[in-house]
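Observations on the three-dimensional arrangement
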Amino acid sequence: MLHLRPGINSWLRDAGWTVILSLAAGAVATLSGKPARQASSAATPAEQVTFNHDVAPIIFHSCSTCHRPGEAAPFSLLNYSDVKKHARQIVDVTQSRAMPPWLPQPQKLKFADELRLSDAEIRMIQRWVEQGEIEGNPADVPAQPKFVEGWRLGKPDLVLTANKPLTLPPSGTDTYWNFIFPVPIQQTRWVKAIEIRPGDKRYVHHANILVDREGSSRQRETEPGAGFGGMEIRIESQVFDPDSHLLFWKPGTVPYVEPEGMALRLDKGTDLILNTHLQPSGKPEVIQPSIGIYFTTHPATKLPMLLQLENDAKLDIPPGQKDFVVTDEFLLPIDVDLLAIYPHAHYLGKDIQALATLPNGTTETLIHIPQWNLNWQAVYRYAEPVRLPKGTRVSLRYVYDNSEENPLNPSHPPARVRGGNRSSDEMCHLWLQVLPVNFDPARGDPRMLLQEALARHNVEKNPADFEAHYNLAAMLQSKEKIEAAIHEYQLAVGLRPDDAAANNALGAALVAANHPEQAVQYLRAALKARPDYFDGHYNLGFALAGQNDFAGAAEQFRLASRLQPQDANVEANLGAALAQLGDFPAARSHFLRALQIDPNQPIVKENLDALQKEMNSH
Amino acid sequence: MSAGTMLLRITSAATVLLACTALGFGQHTAFDLEGHVVDPLAHSSKVVVLVFLRRDCPVSGRYAPVIQQISKAYAGRARFWLVYPDKSDSAQEIRKYLTEYGYHLAALRDPEHTLVKLGRAQITPEVAVFDRSHRLVYDGRIDNWYADLGRARPAPTTHELEEAIQAAFAGKPVHRSEVRGVGCYISDLE
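Residues numbered from 1 in each chain as written. Chains lettered and ligands numbered in written order. Predicted model: local features only at pLDDT ≥ 70, side-chain atom pairs only at ≥ 80, totals over all residues.

Details of the overall build of chain A
What chain A contains, in helices and strands, is 14 helices and 24 strands. For 618 residues, the compact-globule estimate of 2.2 N^0.38 gives 25 Å, and chain A sits close to it at 28 Å. Along the first, second and third principal axes, the C-alpha set of chain A runs to 105 × 50 × 45 Å. Buried residues in chain A amount to 48% of all 618 residues. A separation threshold of at least 6 residues defines the contact pool for chain A, and within that pool the share at least 24 residues apart is 76%. (Helix = DSSP H or I, 4+ residues; strand = E, 2+ residues; numbered from the N terminus. Rg over C-alpha atoms; globule rule 2.2 N^0.38 Å. Buried ≥ 20, exposed ≤ 12 C-beta atoms within 10 Å, placed from the backbone. Contact = placed C-beta atoms within 7 Å.)

Structural notes on the packing of helix H10 (residues 534-546) of chain A against helix H11 (residues 550-563) of chain A
How two helices sit against one another is set out by the angle between their axes and by the gap between those axes. All names here are of chain A. Their axes nearest at 8 Å, the elements H10 and H11 cross at an angle of 160°. Regarding the angle of H10 to H11, the classification is roughly antiparallel. Relative to H11, H10 is oriented so that their crossing is left-handed. Judged by residue contacts, Phe534, His537, Tyr538, Leu540, Gly541, Leu544 and Ala545 of H10 engage Phe550, Gly552, Ala553, Gln556, Phe557, Leu559, Ala560 and Leu563 from H11. (Axes fitted to C-alpha atoms, helices over the stretch in contact; angles between N-to-C directions. Parallel < 35°, antiparallel > 145°, perpendicular 65-115°, else oblique. Left-handed = near helix turned anticlockwise from the far one by under 90°.)

Here we look at helix H13 (residues 584-597) of chain A
Residues and elements named next belong to chain A. End to end, H13 covers 20 Å across 14 residues, agreeing with the expected 20 Å (1.5 Å per residue, within 8%). Taken as a whole, H13 has its buried residues at Ala587, His590, Phe591 and Ala594. Buried residues of H13 fall within an arc of 105° about the axis and therefore sit on the same side. What points out from H13, more than 90 degrees from its buried face, is the exposed set Pro585 and Gln596. Tucked inside the fold, the buried residues of H13 contact helix H12 (568-580) and helix H14 (602-617). (Expected span 1.5 Å × (residues − 1). Arc of directions from axis to C-beta.)

Points about the sheet that holds strand S2 (residues 37-38) of chain B
Residues and elements named next belong to chain B. The sheet built from seven strands is open, its strands ordered S2-S1-S5-S4-S3-S7-S8 with mixed pairing. Lying at the two open borders of the sheet, with one neighbouring strand each, are S2 and strand S8 (136-140). Pairing geometry for strand S3 (residues 47-52) and strand S4 (residues 78-84), over six bridges, is parallel. For Phe52, the partnering residue across the bridge sits in S4 and is Val83. (Pairing = 2+ DSSP bridges.)

Focus: unusual backbone geometry
Each neighbour pair has its own omega, and for A:His412 with A:Pro413 the value is -5°, a cis peptide bond. Note that A:Pro413 resides in the loop between strand S22 (393-400) and strand S23 (417-418). The step from B:Thr124 to B:Pro125 runs through a cis peptide bond, and the omega angle for that step is -5°. Along the chain, B:Pro125 turns up in the loop between strand S6 (123-124) and strand S7 (126-130). If you check the backbone angles, A:Asp113 has positive phi at about 55° while not being a glycine. Within the fold, A:Asp113 resides in the loop between helix H3 (87-95) and helix H4 (119-130). In this model, B:Arg120 sits at a positive phi of 55°, which is unusual for a non-glycine residue. Here B:Arg120 shows up in the loop between helix H6 (114-118) and S6.

Re the sheet that holds strand S17 (residues 324-331) of chain A
Residue and element names in this part refer to chain A. On the basis of which strands lie adjacent, the open sheet formed by four strands has the order S17-S22-S19-S20 and antiparallel pairing. Of all strands in the sheet, those with a lone pairing partner are S17 and strand S20 (363-369), marking the two edges. Within this sheet the neighbouring strands show an average axis-to-axis angle of 15°, counted without direction. As paired strands, strand S19 (residues 349-357) and S22 are joined by eight bridges and run antiparallel to one another. Looking at S22, one finds that Leu355 is bridged to Ser395.

Let's talk about the environment of B:Arg135
Residues and elements named next belong to chain B. In this structure, Arg135 sits in the loop between S7 and S8. On the neighbour-count criterion, Arg135 (15 C-beta atoms within 10 Å) is partly exposed. Between the alpha carbons of Arg135 and Ala168 there is a distance of 9.4 Å; along the sequence they are 33 residues apart.

Quick notes on the domain arrangement of chain A
Residues and elements named next belong to chain A. One can read the domain layout of chain A as domain 1 (13-23 + 151-296), domain 2 (51-140), domain 3 (305-458) and domain 4 (461-617). With centres defined by C-alpha atoms, the gap from domain 2 to domain 3 works out at 31 Å. Facing ten residues of domain 2, the contacting portion of domain 3 comprises 15 residues. Along the lines of polarity and charge, the residues of the side of domain 2 that touches domain 3 split into six nonpolar, two polar and two charged. (Domains from an automatic or database assignment. Nonpolar A, V, L, I, M, F, W, Y, C, P; charged D, E, K, R; others polar.)

A look at H14(A)
Residues and elements named next belong to chain A. Taking 1.5 Å of rise per residue, the 16 residues of H14 would be expected to cover 22 Å, and the 23 Å separating its terminal C-alpha atoms lies within 8% of that figure. Those residues of H14 that fall on the buried side of the exposure criterion are Val604, Asn607, Leu608 and Leu611. An end-on view of H14 places all buried positions within 100° of arc, on one side of the element. Across from the buried face of H14, at angles greater than 90 degrees, the exposed residues are Pro602, Asp609, Lys613, Asn616 and Ser617. Next to the buried residues of H14 lie H12 and H13.

A short note on the pairing of S4(B)
Residue and element names in this part refer to chain B. Summarising burial for S4: seven of the seven residues are buried, a large majority. With burial as the criterion, each face of S4 is covered, one bearing Ala78, Phe80, Leu82 and Tyr84 and the other bearing Arg79, Trp81 and Val83. Here S4 runs beside strand S5 (residues 106-109); their pairing, made up of four bridges, is parallel. The residue bridging Tyr84 from the neighbouring strand is Arg109, located in S5. In terms of handedness, the path from S4 via helix H5 (residues 91-100) over to S5 forms a crossover that is right-handed. (Right-handed = clockwise from strand over helix to strand, strands pointing away.)

Details of the pairing of S5(B)
Moving residue by residue along a regular strand, the side chains alternate between the two faces of the sheet. Relative to S5(B), strand S1 (residues 30-32) of chain B runs antiparallel, the two being bridged by two bridges. Directly across from B:Phe31, in S5(B), lies its bridge partner B:Arg109.

So, the interface of chain B and chain A
Counting from both sides, the interface comprises 23 residues of chain B and, opposite them, 22 residues of chain A. Broken down by secondary-structure element, the contributors of at least two residues to the side of chain B that touches chain A are helix H3 (58-62), helix H4 (64-73), strand S9 (146-148) and strand S11 (184-185) of chain B. Looking at the side of chain B that touches chain A, the element that brings in the most residues is H3(B), giving three residues. Of the residues that constitute the side of chain B that touches chain A, the class distribution is eleven nonpolar, five polar and seven charged.

As C-alpha cells, this is what we get:
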C-alpha cells in the first residue's frame with residue numbers, strides 16, 4: 001500500500017549572474033515627442049553651430065534619458081547651462097566613445113535602441129565648443145524631453161521591495177550583492193514585464209534577475225531576507241525549465257514588455273534573485289531595490305531559450321599576455337530565430353566577437369565589441385529577429401589582456417588568471433536568446449534538442465565540465481534513458497564528490513532505476529554536504545523505504561517535513577512509512593495532514609481508506 | 001635691494017610668480033564658507049595642499065575617502081584645503097557636501113578661479129602642493145586610480161600626491177611628469 005512520490009533531481013543552471021532576464025537593454029527613454037536626430041543638419045565647417053539648433057537635439061535624444069534628476073548619471077543635461085557646464089568633457093567622452101555607453105561596433109544586423117552617436121554628431125558637438133558654445137535662437141530649440149516619472153510602465157500589479165537594505169561603504173572595490181524577493185502568489189501567473197528599480201541608480205552599475213523556482217538560493221543567506229554576496233550564482237531546478245528571458249537593468253534601461261505569447265511563468269514559491277553590481281561613490285549609500293511585476297492573462301505560447309556558448313575551461317591566462325584568445329562554436333541542431341545576445345567577460349576581456357556562419361557559407365557578425373568594458377555590459381536585442389537555420393555554426397572569439405597595460409587588470413603586477421566566479425577570475429560566456437521555429441510539436445519540445453546538443457558539445461569540449469555532465473544526465477533521464485543518465489551523473493559526482501545536488505541526483509536516478517541499495521551512499525553524501533537539504537532527506541527516505549527500512553525512511557521524511565512543513569508528499573510518505581511500522585494512529589494523522597495541505601490526492605485517499613480498513617479489522 | 005635678494009629672485013621663478021599672485025589677491029579672492037576672504041598660503045609655515053573639486057563630478061566624489069585618508073596621514077605637517085571653483089556653489093551646498101562625504105577639512109569657494117590659477121588646476125579632482133616657502137612644487141592628479149573616464153583601476157599603482165608631499169617635507173624636487181587628473185574640466189565652469 002505504499003505509494004511514494006518519485007525521486008527528485010535537479011537541473012543546474014550555471015546562472016552565472018548572466019542569465020535570466022526579461023528587460024531590454026536598450027537605453028532610449030520613454031520620450032514623448034522624442035526629438036528627431038538632426039545632426040546632419042548639414043552645417044558646413046564655416047557655418048555657425050548653436051546649442052538650440054544643432055546640439056540640443058543630440059543631447060536630448062542620447063544623453064538626457066540618464067542625465068536628469070533621479071537617474072543614473074551624476075549630473076543633468078537638460079538645457080543650455082547644464083550642457084555648457086560640461087561642454088569640453090562632453091567633447092572628450094563622445095570622441096573617445098566612452099559616452100553614450102554603447103559598446104558594439106556598427107554592423108549589418110541592427111540592434112534595437114542603438115545608443116551610438118554618428119561621427120557627424122560628435123563633430124557637431126566639437127565644433128560647437130570650438131566656436132564658443134553659442135546658445136543660438138530660442139526658437140530653434142526642440143521641446144525639452146518629457147519623461148515618465150516613477151514606474152515607467154505605470155503602476156505595477158505587484159511591487160516587491162528588498163527586505164533588508166544594503167549599506168554600501170564609501171570606498172573599496174566594487175560590490176556584487178544578491179537580493180532575494182519571494183513572490184507572494186498562490187498560483188501560477190504569467191508576467192509580461194518586470195521593471196527593476198535598483199535603489200539609488202547612481203551606484204548600481206547593473207542588475208539582473210534570476211528566476212529561482214526551488215528556493216535554491218535561500219540556503220546562501222545567513223538569515224532570511226539578508227541577501228548574499230557574489231558575482232556569479234548557480235540556480236537549481238527540478239524540471240526541464242531552461243532560462244528563457246533576459247531580465248537585465250543598466251542605467252537608462254526601459255522596461256521591456258514581452259510580445260504576446262512570450263510571457264514569463266511565475267509559480268507559487270518562486271524567488272526572484274536580483275544580482276547587482278554596485279560601485280562605491282565616496283560616501284555611504286543605502287541601496288534598497290524594488291521590483292515591479294506586470295502580469296498578463298496570456299500564457300506563454302512561444303518558448304524561447306537561452307543558449308550559452310562558453311569556454312571557461314580554456315581560460316588560463318599567463319601574466320603579461322596581451323592577446324589571449326578563447327574560442328567556442330556550436331552547430332545549431334534546429335532552425336531558430338535569434339532575439340537577443342548577451343556577451344559576458346570580466347576585467348581582462350578586450351575584444352569580443354560572435355559570428356554566425358550559415359549553411360550557405362555566408363557569415364554574419366552577431367556582435368563585435370572592440371573595447372570590452374564590464375561596467376557597461378548589456379543585453380543587446382536585435383531590431384528584427386535573426387533567422388539562423390539548422391546547421392548554422394555560431395562561434396565566439398574573445399581576446400583577453402592580462403598585461404600591465406590593461407588598467408582594469410585586477411592584479412598589479414599581473415597574475416595568472418583562470419576561469420571562475422570571482423570578479424578577479426575571468427569568464428568567457430555568450431548568451432543567445434533563441435526561439436525555435438519550423439518544428440513539429442508532435443516530436444516534443446524543440447528546446448530539448450538544443451539543450452542536448454549543447455550538453456553533448458560541452459562534454460566533448462571539456463570532459464571535466466561538471467555542469468555539462470550533470471545537465472546531459474538530467475536530459476537523458478527526462479528521456480527515460482536512465483542507465484545512460486546514471487553514467488553521466490557518476491561522471492559528475494566523480495568530478496565533484498562533495499556536490500550535494502549531483503549526489504542527490506545520482507541517488508534519485510538509482511532509486512528510479514530500482515537500485516535503492518546503491519542510492520543510499522550518494523544520498524548520505526548529499527546530506528553530509530548539505531544537512532538541511534530537503535530533496536536529500538526526501539529521496540533518502542524513499543530509498544530506505546525501497547529497502548523496507550521503514551524506521552529509517554520515517555526518520556528521513558520527518559526531517560524533510562521539518563524543512564518544508566507544507567509539503568503534502570512528505571506527509572503522505574511519512575504516513576505510509578508509519579503505517580508500515582504499524583503506528584496506525586500516527587500514520588492516519590499524517591495522511592489527514594497531507595489531505596489538508598492538498599485535498600486533491602487520490603493516492604493518499606486510497607492509502608487512508610486502506611489504513612482505515614486495516615484499523616477496523618483489528 | 002641687496003644683491004643677495006636679487007639672486008634669490010632670479011633663481012626661483014616660482015617664488016616670483018607666487019609673489020605676483022599674492023599681490024593680486026586684493027582683486028581676486030577666495031572665501032571660506034562664512035564668506036571671509038582667505039589666502040590659504042598666508043600665515044602658514046606648513047606644506048599646503050589645495051584639492052580642487054566639483055560637486056557635480058562623480059570622480060571628485062569617489063576620491064573623498066582617499067583625500068580624507070591622505071590628509072589624516074599628514075595632519076599637523078601639511079594643511080589641506082578643499083577648493084570649489086564652481087561660482088554657482090553656495091556655502092550651504094558645500095557644507096552639505098562635506099557632511100555627506102564625511103570630510104573634516106576646511107573648504108574654500110574660489111569663484112574667480114584665483115586659486116585655480118595659483119595651483120594651475122585644470123580638472124577636478126586635482127591637487128596643488130606648496131612647500132613651506134609657498135613654492136608650487138606639484139600640480140596634477142592625486143594618483144593613477146582612473147585611467148580614463150569610466151575606466152578605474154581596482155587600486156592606484158602610483159601615488160603622485162603623497163610623493164609630492166614627502167618631497168616638499170624633505171625640500172627635494174618633485175619628479176614632475178605633468179599628468180593631469182581624470183574627471184571634470186574646471187574651464188567648463190567659465
